[in-house]
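Spelled out from the first residue to the last, the chains are:
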Amino acid sequence: MPRKFNAKSTADQVLSGVDLKGKRFFITGVSSGIGLETARSLVSHGASVVGTLRDIDKSKAITSSVFDAATQGGGSLELIDLDLASLQSVRVCADTLLTNGQQFDAIIANAGVMATPFGRTVDGFEVQFGTNYLGHFALINRIEPLIADNGRLVMLSSQAHRIADVDLDDPNFEQQTYDPFVAYGRSKTATTLFAAEFDKRHRNRGIRAASVMPGNSLTNLPRHFSQEDLQGLFENAGKARAEEGLPPMELKEVAQAAATSVWAAVVADKDEIGGRYLEDCAVAPIDDSPNPFADGVRSYALDASKAEQLWVKSEEMVGTKGTYPMKVIGIIGAGEVGSQIARAAIANGYEVVIANSRGPETLKDLIDELGPSARAATAAGAAEAGDFVVVAVPLKLVNDMPVEQLAGKIVLDTNNYMPWRDGHFPVVDSGEKTVHELRQEQLPNSKVAKAFTHIQASRLFVSSRPAGAPDRHALSVSSNFPEAVELVTRLYDQFGFDTVDNSPLSESWRSGPGQPAWAAHAHQTRAELIANLARARRII
Ligand SMILES: NC(=O)c1ccc[n+]([C@@H]2O[C@H](COP(=O)([O-])OP(=O)(O)OC[C@H]3O[C@@H](n4cnc5c(N)ncnc54)[C@H](OP(=O)(O)O)[C@@H]3O)[C@@H](O)[C@H]2O)c1
């Protein structure tokens, strides 16, 4: 059958005659270039598009062309904030989409940066690997339940993948000199490997994933290049292609550069493109010549074993933010809350070092029950050993915490203010401070987060649900430190719960005893918890 589309086809030509009413698409990076045109073309054919921007307030004007096209074509555009260079932003974006709960027929992971000067994302990843790849890895895996059965994932790759294979040993350029093109190439090889592995993992739902080289087009992408740099690049590309007898490189109009994305997301036979690398509205052939400017895909970018290894490495990097392994939890307090958190932690692969006020020897039975991943210690010992620490004892006005050993650590405070148990604290009674702000004052060099306070310890196992389950129970977290919120969010997720961020600590009273979120402790979804926190009224 002759090919219907080619390098010259535009997105509108690819979608000609296609009615996308009722179809939903999620596209990252719709503020400019290929993403903007992809969104415009889809909405002008009736699609509903949710597009991401880094700064919604600044960028609304840029997307007016898409809003106009939506009005004319019967589609719609909704915008959502996303900075792929921040896992916190990725999580907030993903959680907003999950709360909304509407499914997507396709995700187009389009946003990207190219050949940036050396830099790190807020989580410490090299900027191009972190933005183009790891941010998308974290985002897409989190919202995967929103991809409809038989849906599609399109990952924007690049011809530049030909420059370099991923480096699993040094993905952040910590042991080698940074090269902006090598870094860009690696990030794009990673997106291609990700598409292949995602396709393998989700094919059983009929979901197919492919990567796309859109073609070279003068968008805002080379914003870090001078005119001479760009000229030099074109000359090198021209020479390299001529030496191999290839036709000269042709720049595409942006309308043409968006064609392969919409072809992959809507028109192509999904079983033909699944797991493949596409260019010019077709599956690209393997071409292992070292020429970085040749067409086709290098076989290392589709290597199944590399794709699997990269996935595992990425899980580690995104999970621990690439900074420190959070493997050991110190737990101060071995009552019902402390011991139940210990059980859940061990079930999720952590080691625990747990303490009570009566000495490690009194915890023998508990340690026997918890098994080899647990040991008993003093409170100072547990604080010292933990990569982060759970405090499961009431706050005392005379500070009884091992302040020094907790310094620099994230401390999860599970305490609730219960004057009938702990006595009255005037500053809490007057509403001047929350009990968790007092804990933060007692631990000035730690990062306190209120966590696990409105769930009965015994329900930690029974209420647990897999990510994406419609009835998944949600828990709140409050902290003055985003990294503490990030850690608790991940822990909740591992334990089987969604998170609502109720920061800072001054807001933590909203989930306290007697408040709607507390009263609904037996079960509340994320949306219900958000509503319950908003309904809280000061009880003084
Ligand atoms: N143009 C080409 O010749 C070419 C060739 C091969 C592959 N590609 C790939 O095609 C995709 C689209 O590129 P383009 O040419 O359209 O470039 P572009 O005009 O620069 O657009 C890139 C988009 O990504 C967004 N973005 C950048 N950093 C982000 C971050 N940290 N978080 C969220 N969004 C971010 C940008 O948002 P801001 O406006 O906020 O920066 C913008 O919307 C990229 O993945 C690129 O690698 C392009």
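Please read all numbers here as calculations on a predicted model, not as lab measurements.

Peer 1: What is the right way to look at unusual backbone geometry in this model?
Peer 2: A negative phi holds for most residues other than glycine; trans holds for most peptide bonds. Note that the residue after Ser 503, namely Pro 504, is joined by a cis bond; omega there is -5 degrees. Here Pro 504 is to be found in the loop between strand E16 (498–501) and helix H22 (516–519). In the Ramachandran plot, Asn 150 falls in the positive-phi region, its phi being about 65 degrees despite a non-glycine side chain. Positive phi values are uncommon outside glycine, yet Phe 173 reaches one of about 55 degrees. In this structure, Phe 173 sits in the loop between strand E5 (147–156) and helix H7 (180–202). Note on Phe 173: relative accessible area 7%, which makes it buried.

Peer 1: How should I be thinking about the packing of helix H2 (residues 33–44) against helix H4 (residues 64–73) in this particular structure?
Peer 2: Axes are the key here: two packed helices are described by the angle between their axes and the distance separating the axes. In contact at an axis separation of 7 Å, H2 and H4 are set at 15 degrees when each is read in the N-to-C sense. Taken together, H2 and H4 sit at an angle that is classed as roughly parallel. The way H2 lies across H4 gives a crossing that is right-handed. Contact residues: Leu 36, Ala 39, Arg 40, Val 43 and Ser 44 in H2; Ser 65, Val 66, Ala 69, Ala 70 and Gly 73 in H4. A class-by-class count of the residues in the contact of H2 with H4 yields 6 nonpolar, 3 polar and 1 charged.

Peer 1: Could you clarify how one ought to interpret the sheet that holds strand E9 (residues 328–332) in this entry?
Peer 2: Within a sheet, neighbouring strands are paired by backbone hydrogen bonds and run either parallel or antiparallel to one another. The 8 strands lie next to each other as E11-E10-E9-E12-E13-E14-E15-E16, forming an open sheet whose pairing is mixed. Bordering the open sheet on either side are strand E11 (374–376) and E16, each of which pairs with just one other strand. Strand after strand, the sheet turns through a mean of 25 degrees between neighbouring axes, direction not considered. Relative to strand E13 (residues 410–413), strand E12 (residues 388–391) runs parallel, the two being bridged by 3 bridges. What sits directly across from Val 391, in E13, is Asp 413. Running over the sheet, helix H19 (residues 435–442) touches E12, E13 and strand E14 (447–450) and is turned about 160 degrees from E14. Across the sheet, helix H21 (residues 482–495) lies against E9, E12, E13, E14, strand E15 (474–479) and E16, angled at about 160 degrees from E15, the strand it touches most.

Peer 1: Is there a simple way to think about the confidence of the model for the protein in this case?
Peer 2: Any residue range with low pLDDT should be treated as having predicted coordinates unsuitable for detailed reading. Taken over all residues, the pLDDT of the protein has a mean of 93, while the share at 70 or more is 98%. Counting interchain partners and residues more than four positions distant, the pLDDT-below-50 stretch residues 320–325 has 13 contacts.

Peer 1: Looking at this structure, I do not really get the site of the ligand. What am I missing?
Peer 2: Surveying the vicinity of the ligand reveals 30 residues, the closest of which are Ser 31, Ser 32, Arg 54, Tyr 184 and Thr 219. Asp 83 is positioned with one of its side-chain polar atoms (N or O) 2.9 Å from a nitrogen atom of the ligand. Isolated, the ligand exposes 880 Å² of accessible area, and the fraction of that covered by the protein chains is 94%. For the shell around the ligand, the secondary structure elements donating two or more residues are H2 and H7. Its residues assigned to classes, the shell around the ligand shows 12 nonpolar, 14 polar and 4 charged.

Peer 1: Is there a simple way to explain H7 in this structure?
Peer 2: Because an α-helix packs 3.6 residues into every turn, residues spaced three or four apart end up facing the same way. Over its 23 residues, H7 runs 33 Å from end to end, which matches the ideal 33 Å to within 8%, given 1.5 Å per residue. Burial analysis of H7 places 18 of its 23 residues in the buried class, which makes it a mostly covered element. Measuring from the side-chain oxygen of the N-cap residue of H7 to the backbone nitrogen of Phe 181 gives 2.8 Å; that N-cap residue is Asp 179.

Peer 1: Please clarify how the nonpolar core should be interpreted in this entry.
Peer 2: Most often, soluble globular proteins keep nonpolar side chains buried together rather than apart. Ranked by internal contacts, the top residues of the largest apolar core, which has 41 residues, are Phe 26, Leu 97, Leu 139, Phe 194 and Phe 198. Where this core is concerned, the elements lending two or more residues are helix H5 (87–100), strand E4 (104–109), helix H6 (127–143), E5, H7 and helix H12 (304–320). The biggest single contributor to this core is H6, with 8 residues. With sequence-adjacent residues up to four places away left out, Leu 97 is seen in contact with Phe 26, Val 50, Ile 80, Gln 102, Phe 104, Ile 143 and Leu 146. Counting residues in hydrophobic clusters, the runner-up holds 40 residues, among them Phe 5, Ile 27, Ile 56 and Ala 265.

Peer 1: What am I meant to see in the packing of H5 against H21 here?
Peer 2: Across the interface, H5 lies against H21 with an axial gap of 10 Å and an inter-helix angle of 50 degrees. Taken as axis vectors, H5 and H21 run oblique relative to one another. For the pair H5 and H21, the crossing hand works out as left-handed. Across from Leu 87, Gln 88 and Arg 91 in H5, the residues of H21 making contact are Pro 482, Val 485, Glu 486, Thr 489 and Arg 490. Looking at side-chain class alone, the contact of H5 with H21 contains 3 nonpolar, 2 polar and 3 charged residues.

Peer 1: Help me understand the packing of aromatic side chains, please; the structure alone is not making it clear to me.
Peer 2: When we look at a pair of aromatic rings, we describe it by the centre distance and by the angle of the planes. Applying the stated criterion to the full structure yields 15 aromatic pairs. Judged by centre distance (5.0 Å) and plane angle (70 degrees), the rings of Phe 118 and Tyr 178 are edge-to-face. Linking Phe 118 in the loop between E4 and H6 with Tyr 178 in the loop between E5 and H7, this pair joins segments that are 60 residues apart in sequence. Exposure remark for Phe 118: the relative accessible area of 41% places this residue in the partly exposed category. An aromatic cluster of at least three residues, connected via ring pairs, comprises Phe 129, Tyr 133, Phe 137, Phe 194, Phe 198 and Trp 311.

Peer 1: Explain the pattern of salt bridges to me, please; I cannot follow it from the model alone.
Peer 2: Pairing between side chains of opposite charge can happen when the charged atoms of each approach one another. In this structure the tally under the stated criterion is 32 salt bridges. Between Arg 439 and Asp 413 there is a salt bridge; the shortest N-O distance is 3.1 Å. Of this pair, Arg 439 sits in helix H19 while Asp 413 sits in strand E13; the two residues are 26 residues apart in sequence, bridging distant segments of the chain. With respect to class, Arg 439 is no different from Asp 413; both count as buried. When salt bridges with common partners are traced through the structure, they connect Asp 95, Arg 142, Arg 472, Asp 493 and Asp 498 into a single cluster.

Calculation criteria
- Each chain has its residues counted from 1, following the order in which its sequence is written.
- In keeping with the predicted nature of the model, local features appear solely for residues at pLDDT of at least 70, side-chain atom pairs appear and are counted solely at 80 or more, and the whole-chain, interface and lining totals rest on all residues.
- Note: side-chain values were computed over all heavy atoms of the structure, leaving out hydrogens and water.
- Strands are runs of DSSP state E lasting at least two residues, helices are runs of H or I lasting at least four, and both sets are numbered from the N terminus onward.
- Burial classification: accessible surface area is computed with a 1.4 Å probe over protein chains only, and a residue below 20% of its type maximum counts as buried, one above 50% as exposed, and the rest as partly exposed.
- Between the N-to-C directions of two axes lies an angle of 0 to 180 degrees, each axis being a line fitted to C-alpha atoms and, for a helix, fitted only over the stretch in contact.
- Angles below 35 degrees are treated as roughly parallel, those above 145 as roughly antiparallel, those between 65 and 115 as roughly perpendicular, and all remaining angles as oblique.
- Here a crossing is called left-handed whenever its near helix is offset anticlockwise from the far helix by less than a right angle, and right-handed whenever the offset is clockwise.
- Throughout, a contact is declared for two residues whenever any of their heavy atoms are within 4.5 Å.
- Ten residues, namely Ala, Val, Leu, Ile, Met, Phe, Trp, Tyr, Cys and Pro, are considered nonpolar, four, namely Asp, Glu, Lys and Arg, are considered charged, and the remaining ones, Gly among them, are considered polar.
- Between any two strands, at least two bridges found by DSSP are needed for them to pair.
- pLDDT is a residue-level measure of predictor confidence that goes from 0 to 100.
- Throughout this document, a residue counts as near a molecule or strand when at least one of its heavy atoms sits within 4 Å of that molecule or strand.
- Any N or O atom pair separated by 3.5 Å or less is treated as a polar contact, with the protein-specific requirement of one donor-capable and one acceptor-capable atom, and with residues adjacent in sequence counted only for side-chain atom pairs.
- All accessible areas in this document rest on Shrake-Rupley with a 1.4 Å probe, and a residue is counted as covered only by the protein chains that are shown.
- Expected span of a helix, by definition, is 1.5 Å for each gap between consecutive residues, and there is one gap fewer than residues.
- Here, nonpolar core refers to any group of buried Ala, Val, Leu, Ile, Met, Phe, Trp, Tyr and Cys residues whose side-chain atoms link them within 4.5 Å.
- The rule is short: rings of Phe, Tyr and Trp, with Trp giving its six-membered ring, pair when the centres are within 6.5 Å, and they are stacked under 30 degrees, edge-to-face over 60, tilted in between.
- The salt bridge criterion pairs a side-chain nitrogen of Lys or Arg with a carboxyl oxygen of Asp or Glu, the two atoms within 4 Å.

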